Amino acid sequence: MTHKIACAMLALILPLTACGGDKEVGEFKNDWLGNEIKIKQLEDPKIEGVVCHLSYFDRGVWDRIGKGNWFENPSNSSISCLQSGPIRIGRIDLDKSGEEVFDQNQSLVFKQLAVRRIYDADSDSLMYVSYSRKIVDGSAKMSLSTVPLFDRDVTWQNGKPASGD
């Protein structure tokens, strides 16, 4: 009976772990167990003209059956962002913690893959950090990408902040 319950839960949960925010633009099999590397295109909701590509690991059914950890994907991710057109910056959070622009569940409970945007006024650049929120192990895996704004076609909706604000 326990096996049937576990299989039923797996059938319900696997589609949820695959759900996410933006547009999937690539995927390929990583090994014979059906594990995949997936690539999503992310658009910052408050900044036009910047696109990010986020890659992450998605465990296949055979890997889940073999290892028994049914409801969780690894914390690994990588991000790369670039200017894709004229940049128009809306009302963004300018403090050191920035603001989250994307998140996706990587497990049934507690573990999320997130992307946070931070503006660095001193270097006039946007930083995008992909990271894992995981309750255990004390440290998150992360990746950083920077989009320079200096000498670019940039429009600030609320005026450009001064360096050091």
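Preceding this section is the structure that the text describes.
These notes cover the structure that comes with them. (Residues numbered from 1 in each chain as written. Predicted model: local features only at pLDDT ≥ 70, side-chain atom pairs only at ≥ 80, totals over all residues. Heavy atoms only, no water.)

1. Looking at the nonpolar core
Selection rule: To qualify as a nonpolar core, a set must consist of buried Ala, Val, Leu, Ile, Met, Phe, Trp, Tyr and Cys residues joined through side-chain atoms within 4.5 Å. For every residue, the accessible area obtained with a 1.4 Å probe (protein chains only) is divided by the maximum for its type, and the residue is called buried under 20%, exposed over 50%, and partly exposed between those limits. Going along the chain from the N terminus, every DSSP run of H or I of four or more residues is numbered as a helix, and every run of E of two or more is numbered as a strand. Should any heavy atoms of two residues lie within 4.5 Å, those residues are counted as being in contact.
Counting 22 residues, the largest nonpolar core has I47, V115, L126 and Y128 as the members making the most contacts within it. Going through the elements one at a time, β3 (47–58), β4 (77–89), β5 (99–105), β6 (112–120) and β7 (125–133) are the ones with two or more residues in this core. At five residues, the largest contribution of residues to this core is made by β3. If sequence neighbours within four positions are ignored, V115 has contacts with L42, L54, I79, E99, E100, V101, F102, Y128, V129, S130 and Y131.

2. Some words on the side chain of S125
The test is simple: Here a polar contact is taken to be a pair of N or O atoms separated by no more than 3.5 Å, where protein atoms must pair a possible hydrogen donor with a possible acceptor and residues adjacent in sequence count only if both atoms sit in side chains.
Note on placement: S125 falls in strand β7. On the basis of relative accessibility, which here comes to 5%, the residue S125 falls in the buried class. Within the local environment of S125, its side chain forms a polar contact with the side chain of S123, the two groups lying 2.7 Å apart. Not counting the four nearest positions on each side in its chain, S125 is found in contact with I118, Y119, D120, T146, V147, P148 and L149.

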